[in-house]
Amino acid sequence: MTARRASSAERGLLHSIGVGLSAGLLLVVVALAVLLVIVPKATGSTPLTVLTSSMEPSLPPGTLLVVRPTATEDVRVGDVMTYQIESGRPEVISHRVIEIVSASDGTTSFVTKGDNNSAADEKAVLPVQVRGTLWYSVPWLGFVNQAVNGQARAWIVPLLAVALFGYAGYMITSGLVAHRAERRRGRGRGRRSAGRSDNASEGASEGRSAGSSEGRSES
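Here is a short report on the structure shown in this document.

What counts and what doesn't
Residues numbered from 1 in each chain as written. Predicted model: local features only at pLDDT ≥ 70, side-chain atom pairs only at ≥ 80, totals over all residues. Heavy atoms only, no water. Pairing = 2+ DSSP bridges. Helix = DSSP H or I, 4+ residues; strand = E, 2+ residues; numbered from the N terminus. Axes fitted to C-alpha atoms, helices over the stretch in contact; angles between N-to-C directions. Contact = heavy atoms within 4.5 Å.

Pairing in this open sheet of six strands is antiparallel, and the strands run 1-2-6-3-4-5 from one edge to the other. Of all the strands in the sheet, the pair left with one neighbour each is strand 1 (46-49) and strand 5 (108-113). Neighbouring strand axes in the sheet, compared pairwise and without regard to direction, differ in orientation by 50° on average. In the sheet, strand 2 (residues 64-68) pairs with strand 6 (residues 130-138) via five bridges, with the strands oriented antiparallel. Following the sheet pairing, Val 67 is matched in strand 6 by Leu 134.

Structural data, given as structure tokens:
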């Protein structure tokens, strides 16, 4: 009986660990979907990955940057601004604005610098090059963003979410089935114990009756 109870307790512990791991993985997938897909798409922002060390230590390589569109008049000194290296080209850089220059003709340009660089960027950034400013960043998630970038992102994250939801559902269902089976076994053991107690009581009663009868005959 003790070994059976120990085995049942071990199965319950393993099941609880499995459910906990499933829930944890599910939360991770949901968080990734929110950070990489849902929030950027809902706000018109762009997820980018830091590839160089120019913004260390605050934004090391592998950091996920979510850059939201920002009007040039709203850019401030100290903002991390993402801009096109050449106007109209897809290649971008994310550096900190250290100075805003207003020309006499009313045009504005931005002087930028990497936090880890000793000198400012060679060319000033024109408003037409500005893609936006840093909204939030998450360390190391940039590598995940690269892995699920492009068309793969449309199916990898939902597929993982569905798989983990299915696994969590399986673990919960199997746990309920095991719990019900254990309850049935407990009830069966209770009935057998009650049956043995009744039989023992009847045997003891018959013994006492026979003994009393014989005693009265001898007297």
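The next thing to look at is the environment of Ser 87. As for its placement among the helices and strands, Ser 87 is situated in the loop between strand 3 (80-84) and strand 4 (92-102). Considered as a pair, Ser 87 and Gln 129 are 42 residues apart in the sequence and their alpha carbons are 5.2 Å apart. Those residues within four positions of Ser 87 in sequence are excluded, and the remaining contacts are Val 128 and Gln 129.

Next up on the list: the side chain of Thr 82. Mapping Thr 82 onto the fold places it in strand 3. Not counting chain neighbours up to four residues away, the residues in contact with Thr 82 comprise Leu 48, Val 67, Val 92, Ile 93, Ser 94, Gln 129, Val 130, Arg 131 and Gly 132.

So yeah, pure geometry; function would need other evidence.
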